Amino acid sequence: MIPLLVWLDKALSRLLVMLVAAIVICVCWQVLSRYVTHTPSAYTEEIARFLLIWSGILGAAYAYRTGAHLGLDLLVNQFSTLWRRRIEMLVHILVLMFSLLVMVVGGICLMALAIDPGQYSSAMEINMAWVYAVLPLSGSLMAVYALAALFTPFEEDQ
Amino acid sequence: MEYSGLILLGVFLLLLVLHVPISFSIGLATLVTMLLSIDFMPALTTLAQRMVDGLNSFALLAIPFFVLSGVIMGRGGIARRLIDFAMAYIGMLPGGLALVNVAACTLFGGISGSAVATTSAIGSFMIPEMEKKGYDRHFATAVTTASATTGMVIPPSNILIIFAIASGGVSISALFVAGYLPGILVSLALMTVCAIFAKTRGYPVIAALPISEVVKRTWSALPALVLIVLVMGGIISGIFTATEAGAIAVVYSLILAMGVYRQIGRQELSSVLLKTAEVTSIVMMLIAVSSAMSWILAYENIPEVITQVLLGISDNPIIILLIINLMLLFVGAFMDMTPAVLIFTPILLPVAESLGMTPLHFGIMLVMNLSIGLCSPPVGSVLFVGCSVGKTSIAKVIPPLLPLYAAMFFVLMIVTYVPGVSEWLPTMAGLYNQ
Amino acid sequence: DAQDTPRIIRVGHTLDTSHSVHLALEHMAGQLADYSDGKMQIKLYPNGQLGSERAMVELLQIGSLSMTKVSAASLEGFVPQMKVFGVPYLFRSDQHRWQVLESSIGQDILNATRSARFTGMAYMDAGSRSFYMTQDPVNRPADVKGKKIRVMNSPMAVQLIDAMQGAATPLGWGELYAALQQGVVDGAENNPPSYYSSRHYEIAGYYTLNEHASIPDVIIASNHVLNSLSKQENEWLRRAMKDAVNKQRQLWNEAEQQALMKLARAGVSISRPDKTPFYQAVEPLHQQLSETNLGPLIKRIKAMRGEE
Ligand code: NA
Ligand code: NA
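Below is a summary of the structure that appears in this document. (Residues numbered from 1 in each chain as written. Chains lettered and ligands numbered in written order. Predicted model: local features only at pLDDT ≥ 70, side-chain atom pairs only at ≥ 80, totals over all residues. Heavy atoms only, no water.)

1. Notes on the overall build of chain B
Link 1 in the chain: Each helix and strand in chain B was counted, giving 20 helices and 0 strands.
Link 2 in the chain: Since a compact globule built from 434 residues should have a radius of gyration of about 22 Å, the 22 Å found for chain B is in line with a globular shape.
Link 3 in the chain: The C-alpha extent of chain B, read off along each of the three principal axes, is 75 × 50 × 45 Å.
Link 4 in the chain: In chain B, which comprises 434 residues, the share counted as buried stands at 63%.
Link 5 in the chain: Of the contacts made within chain B by residues no fewer than 6 positions apart, 79% connect residues no fewer than 24 positions apart.
Link 6 in the chain: Entry remark: accessible area of chain B is about 14600 Å², with carbon and sulfur atoms responsible for 70%.
Link 7 in the chain: With 16 positive and 17 negative side-chain charges, chain B shows a separation of 23 Å between the mean positions of the two kinds. (Helix = DSSP H or I, 4+ residues; strand = E, 2+ residues; numbered from the N terminus. Rg over C-alpha atoms; globule rule 2.2 N^0.38 Å. Buried < 20%, exposed > 50% of the residue type's maximum accessible area, 1.4 Å probe, protein only. Contact = heavy atoms within 4.5 Å. Areas by Shrake-Rupley, 256 points an atom, 1.4 Å probe, with all protein chains shown as cover. Lys, Arg positive; Asp, Glu negative; His and termini not counted. Charge placed at Lys NZ, Arg CZ, Asp CG, Glu CD.)

Encoded structure:
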């Protein structure tokens, strides 16, 4: 389990770095192409949008892993350590539910609709399933991270 | 379902106090509400579709850009040069260092989209500096905390972009230009309070710098000032859109930090990009689920019901706007700005519009109001960072913060009841036609 | 008592509540309630409350929305046949256009949607798109040469501007006012009501009714929802739809006339150029398209020109 997690973390952060770098290059190219070559590129706008969707939703799994998502800890801070731990388990179970139901199942249904009957993007005319694929991918990663958090012994996270 | 609005709110609040991350609280509450009137599988698929569709916007691309340029500049030694620059021009006034603190925060806000970044960048130098010169440390922390929020309305501003998306199409360029005047007004109001405070406390006045030093400091800050002009001028003149201004800011700050100031190495670049992905995706996840939430709100006609309830309280727009402001101050006390904007824009914008307020005016009011919440207890990210940078506690910072809150509230009231403060500049720039 | 609760048809669109389409759909709601004796009700979601046109098409496929009005351009990604409406100067007149839409060709294109899990119910009028410019009017295709023209994000729209050697600039509709003001683009193109209501005429005061593209609006319904209706309910819905279509065509004509009148009163220079040089300018594009999958459809539509 642990080596797999280490590998996943590494792969995910590499992918995120590449996605953000690609967004920057893409939009810079768009500005350049409009003012330097005077022929605006119709594709870069769409590519940049799709890359943002990918990095945003995939990054959400990374942010969940690093515990960076915003939350309200006013009430739970009043509880004893034992109850805090119990509530924390419940939170991970809820995240697991959301990622499996909405992102994996809902995302796969959405992909299925884009494949058959088929839906294509307006500029590049790529199948929209490629865009929607980030949902089940990120959802599965979140599920893995949620399970990892659930099975991490209590001592380790203090 | 008549009660769907209450169920949405109830589930959301329950999950929130259980410390479920806000984005998942919104997502799960939306899912529960959807299941009341939509079948299981279509509900799951609709929620998934709203998440992706909520992010499918070119305008949102500006957010990672301004986050990235902010991260680069936070590590790039730009804050210090802005402080030196402000010192050269207003350091000799009564309460000079406090005024420099406000001015530096405002200037930094003009190149950064994050108030937290401003607090740590300016505060980590200014708070010790003020203490050294005899100022009270808690007062110094309060000044940094309050003035860091001016960058929320002064562009570049991620929160204004988020509002533009949530409102369904207010021009980001117009919003950006609209924010300058209110931001500068807050800055001036805070400076006035600081000057009075410094006078009554008898804080020392520093001597004016020789003209050669003023020139030297201006020259050294010039590259950073150029970025402010680049962002502002580019948007006003229409050479590029807000998103493209963001891309330019990234390239420019990279050149500045790697080439000119040489404070970021090439190997640091990937950690900068990863940090950007993380910060951005927290916001993106919030936007994604909020887009699903505002969809189910519309589907169940909830904003309409709330509008009728609010308009039923009074037929005086002045009173309703006051109620809205007080309500938002309460929300801001507990909730971070991004989720608050995403949740309350679809609910309150229809009310504001039925009172004859324009979406642009409402957006500036909303963001200014929630800015106060950023530096108010119990939950305020800027307040937390300010206290940690200033090595003090929330309880100690509150007394000196009170007059600063009053100044911010005073400007908020002006912005609320005088539409021209937010609408005049963008109309002049030809970016806005209402 | 499940039988007493009325069946709710949820209809979303992206237009405002004064638009002819919205008014026609309101009329449809009244007619449907009449026909069904209150057993069927239409609930309208205007102003894009439930999403963009493309997003609402997906919601029909998913089954969480019943009906929507979209531009045929928004259906291109779902039903390739819809691309044909973007072909510039495919229709030579309004009569030709309606003749095609009401013929078996129009019906075939509507039927093509069915495999995409939604059903094309009817066409609505969205007029014809024409150029408006900030500096000089477009009297001939050569006047577009070198000019930056805002277009919708669609390959066909870009190809049209390319054919006239202009620089097509895909841009959001909401950002266009500022873009015209600041000279990011030199002009744009749309139908008279949109040109008027967007107030673009305040900056781009040269309007040439060259009418290069007539892309109809289409009303589509979710197959999930249609299949759940009884035969009787389906018939009521179709009848109410027909009433709405007739109403909309009349309202659209009025809106177009009114817009042109108000534009003229606002001092906009409106001209009606000779279209022949425009036809010639897009001829190579027609040639090129006739070799694609759209070829047979274009041929059928052109063949109908003689029957005017
Ligand atoms: Na800012
Ligand atoms: Na607060």
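2. A short note on the side chain of Asp-125 of chain C
Residues and elements named next belong to chain C.
Link 1 in the chain: By secondary structure assignment, the location of Asp-125 is in the loop between strand 4 (118–124) and strand 5 (129–133).
Link 2 in the chain: Taking the relative accessible area as the measure of exposure, Asp-125 reaches 5% and is therefore buried.
Link 3 in the chain: Polar contacts involving the side chain of Asp-125 include one to the main-chain amide nitrogen of Gly-127, which spans 2.8 Å.
Link 4 in the chain: Ignoring anything within four residues of it in the chain, the contact list for Asp-125 reads Arg-97, Trp-98, Gln-248, Arg-249 and Trp-252. (Polar contact = N/O pair within 3.5 Å; in protein donor to acceptor, adjacent residues only side chain to side chain.)

3. Some remarks on the packing of aromatic side chains
Link 1 in the chain: Scanning the entire structure with this criterion turns up 22 aromatic pairs over all chains.
Link 2 in the chain: When the centroid spacing of 6.4 Å and the interplanar angle of 5° are considered together, the rings of Tyr-135 of chain B and Phe-139 of chain B count as stacked.
Link 3 in the chain: Since its relative accessible area comes to 5%, Tyr-135 of chain B is described here as buried.
Link 4 in the chain: Judged by its relative accessible area of 1%, Phe-139 of chain B falls in the buried class.
Link 5 in the chain: Clustering of aromatic rings is evident, with ring pairs tying together Tyr-132, Tyr-195, Tyr-196, Tyr-201 and Tyr-207 of chain C.
Link 6 in the chain: The cationic tip of Arg-92 of chain C hangs over the ring face of Tyr-279 of chain C; the distance from NZ or CZ to the ring centre is 3.6 Å. (Phe/Tyr/Trp six-rings, centres within 6.5 Å; stacked < 30°, edge-to-face > 60°. Lys NZ or Arg CZ within 6 Å of the ring centre and 35° of its normal.)

4. Examining the interface of chain B and chain A
Link 1 in the chain: Tallying the contact residues gives 57 residues for chain B and 54 residues for chain A.
Link 2 in the chain: Overall, the association of chain B and chain A removes approximately 4900 Å² of surface from exposure, summing both partners, and the carbon and sulfur fraction of that is 83%.
Link 3 in the chain: At the surface where chain B touches chain A, the tally comes to 0 salt bridges.
Link 4 in the chain: Here chain B and chain A share 4 residue pairs in polar contact (both at pLDDT 80 or more) between them. (Buried area = accessible area lost by both parts, 1.4 Å probe. Salt bridge = Lys/Arg side-chain N within 4 Å of Asp/Glu carboxyl O.)

5. Remarks on the coordination of the sodium ion (ligand 1)
Residue and element names in this part refer to chain B.
Link 1 in the chain: Note on the sodium ion (ligand 1): its protein donors are Gly-109 (O), Ser-112 (O), Gly-151 (O), Ile-154 (O) and Pro-156 (O). The metal-donor distances range over 2.3 to 2.5 Å.
Link 2 in the chain: Site description for the sodium ion (ligand 1): donor spacing in sequence, G-x2-S-x38-G-x2-I-x1-P. Here Pro-156 lies in the loop between helix 8 (137–148) and helix 9 (158–167) and Gly-109 lies in helix 6 (residues 96–109), a separation of 47 residues in the sequence.
Link 3 in the chain: Taking relative accessible area as the criterion, Gly-109 reaches 0% and is therefore assigned buried. (Donors = N, O, S within 2.8 Å, 3.2 Å for Na, K, Ca; no water.)

6. Structural notes on a nonpolar patch on the surface
Link 1 in the chain: Residues Leu-75, Phe-79, Leu-82 and Trp-83 of chain A together with Leu-14 and Val-17 of chain B make up a contiguous nonpolar surface patch of roughly 550 Å² in combined accessible area.
Link 2 in the chain: Going through the elements one at a time, helix 3 (81–118) of chain A together with helix 1 (4–17) of chain B are the ones with two or more residues in the nonpolar patch.
Link 3 in the chain: In this fold, Val-17 of chain B is placed in helix 1. (Patch = residues over 30% accessible without salt bridge, like charges linked within 9 Å, V, L, I, M, F, W, Y side chains within 5 Å.)

7. Comments concerning the interface of chain C and chain B
Link 1 in the chain: Counting residues at the interface gives 21 residues for chain C, matched by 23 residues for chain B.
Link 2 in the chain: For the chain C and chain B pair, buried surface summed over both sides reaches about 1800 Å², with 50% attributable to carbon and sulfur atoms.
Link 3 in the chain: Together, Ile-62, Ser-64 and Gln-182 of chain C form the three largest contributors to the area buried by chain C at its contact with chain B, with a combined 27%.
Link 4 in the chain: Along the contact surface separating chain C from chain B lie 0 salt bridges.
Link 5 in the chain: Our count for the chain C to chain B interface comes out at 7 residue pairs in polar contact (both at pLDDT 80 or more).
Link 6 in the chain: Secondary-structure elements contributing two or more residues to the side of chain C that touches chain B are strand 2 (40–45), helix 2 (53–62) and helix 6 (176–181) of chain C.
Link 7 in the chain: When residues in the side of chain C that touches chain B are grouped by element, the largest group, 4 residues, is from helix 2 of chain C.

8. Some details on the side chain of Asp-336 of chain B
Link 1 in the chain: Relative to the assigned elements, Asp-336 of chain B resides in the loop between helix 15 (317–334) and helix 16 (337–354).
Link 2 in the chain: Despite its burial, Asp-336 of chain B remains without a salt bridge, the nearest opposite charge being carried by Lys-275 of chain B at 14 Å.
Link 3 in the chain: Among residues more than four places away in sequence, those in contact with Asp-336 of chain B are Leu-70 of chain A together with Leu-374 and Ser-381 of chain B.

9. Brief notes about helix 9 (residues 231–265) of chain C
Link 1 in the chain: A rise of 1.5 Å per residue sets the reference length of helix 9 of chain C, with its 35 residues, at 51 Å; its end C-alpha atoms lie 51 Å apart and thus fit the reference within 8%.
Link 2 in the chain: Trailing helix 9 of chain C by a residue or two, Gly-267 of chain C shows a phi angle of about 90°, which is positive. (Expected span 1.5 Å × (residues − 1).)

10. Quick word on helix 5 (residues 155–163) of chain C
All names here are of chain C.
Link 1 in the chain: If you check which residues of helix 5 are buried, you get Met-156, Ala-157, Val-158, Leu-160 and Ile-161.
Link 2 in the chain: Packing partners of the buried residues in helix 5 comprise strand 5, strand 6 (148–151), strand 7 (167–170), strand 9 (206–213) and helix 10 (276–290).
Link 3 in the chain: In the stretch just after helix 5, Gln-165 is the one whose phi turns positive, near 60°.

11. Some words on the nonpolar core
Link 1 in the chain: Ranked by internal contacts, the top residues of the largest apolar core, which has 264 residues, are Phe-98 of chain A, Met-51 of chain B together with Phe-85 of chain C.
Link 2 in the chain: Here the element with the most residues in this core is helix 13 (residues 269–299) of chain B; it accounts for 18 residues.
Link 3 in the chain: Counting residues in each nonpolar core, the second largest holds 26 residues, with Leu-25, Leu-32, Met-67 and Leu-226 of chain C among its members. (Core = buried A, V, L, I, M, F, W, Y, C linked by side-chain atoms within 4.5 Å.)

12. Structural notes on the pairing of strand 1 (residues 7–12) of chain C
Residues and elements named next belong to chain C.
Link 1 in the chain: Relative to strand 2, strand 1 is paired through 6 bridges, and the arrangement is parallel. Its bridge partner being in strand 2, Arg-7 is matched across the sheet by Met-40.
Link 2 in the chain: Considered for its hand, the β-α-β crossover made up of strand 1, helix 1 (residues 20–35) and strand 2 is right-handed.
Link 3 in the chain: Where strand 1 lies against strand 3 (residues 67–71), 2 bridges are found, and the strand directions are parallel. Note on strand 3: the bridge partner recorded for Gly-12 is Thr-68. (Pairing = 2+ DSSP bridges. Right-handed = clockwise from strand over helix to strand, strands pointing away.)

13. Thoughts on the pattern of salt bridges
Link 1 in the chain: Evaluation of the coordinates by the stated rule reveals 24 salt bridges over all chains.
Link 2 in the chain: Between Asp-217 of chain C and Lys-69 of chain C there is a salt bridge; the shortest N-O distance is 3.3 Å. With Asp-217 of chain C in strand 10 (residues 217–222) and Lys-69 of chain C in strand 3, the pair connects residues that are 148 residues apart, well separated along the chain. In this structure, Asp-217 of chain C and Lys-69 of chain C share a single accessibility class: buried.
Link 3 in the chain: A cluster of three or more residues bridged by salt bridges with shared partners is formed by Glu-129, Lys-132 and Lys-133 of chain B.

14. Considerations on the sheet that holds strand 3 of chain C
Residues and elements named next belong to chain C.
Link 1 in the chain: Across the sheet, 5 strands lie side by side as 2-1-3-10-4; this open sheet has mixed pairing. The outermost strands of the open sheet, each flanked by one partner alone, are strand 2 and strand 4. Sheet twist, expressed as the average angle between the axes of neighbouring strands with direction ignored, equals 25°. (Axes fitted to C-alpha atoms, helices over the stretch in contact; angles between N-to-C directions.)

15. Overview of the state of the cysteines
Residues and elements named next belong to chain B.
Link 1 in the chain: Counting across every chain of the model gives 0 disulfides over all chains.
Link 2 in the chain: Cys-194 takes part in no disulfide bond, and the closest cysteine sulfur, belonging to Cys-105, lies 10 Å away.
Link 3 in the chain: Not engaged in a disulfide, the cysteine Cys-387 finds its nearest cysteine sulfur in Cys-375; these two sulfurs lie 11 Å apart. (Disulfide = S-S within 2.5 Å.)

16. So, unusual backbone geometry
Link 1 in the chain: Note that the residue after Asp-116 of chain A, namely Pro-117 of chain A, is joined by a cis bond; omega there is 10°.
Link 2 in the chain: A positive phi angle, close to 50°, is found at Lys-391 of chain B, a residue other than glycine.
Link 3 in the chain: Tracing the sequence through the fold places Lys-391 of chain B in the loop between helix 18 (381–389) and helix 19 (394–417).
Link 4 in the chain: One non-glycine residue, Tyr-89 of chain C, lies in the positive phi region at around 55°.
Link 5 in the chain: Relative to the assigned elements, Tyr-89 of chain C resides in the loop between strand 3 and helix 3 (94–102).
Link 6 in the chain: Owing to a relative accessible area of 2%, Tyr-89 of chain C belongs among the buried residues under this scheme.

17. A look at the packing of helix 15 of chain B against helix 16 of chain B
Residue and element names in this part refer to chain B.
Link 1 in the chain: Axis separation between helix 15 and helix 16 bottoms out at 12 Å; the angle between their running directions is 170°. Of the possible angle classes, the one that applies to helix 15 and helix 16 is roughly antiparallel. Together, Ile-320, Ile-324, Met-327, Leu-328 and Val-331 of helix 15 and Ala-340, Phe-344, Leu-348 and Val-351 of helix 16 make up the contact between the two elements.
Link 2 in the chain: By residue class, the composition of the contact of helix 15 with helix 16 is 9 nonpolar, no polar and no charged. (Parallel < 35°, antiparallel > 145°, perpendicular 65-115°, else oblique. Nonpolar A, V, L, I, M, F, W, Y, C, P; charged D, E, K, R; others polar.)

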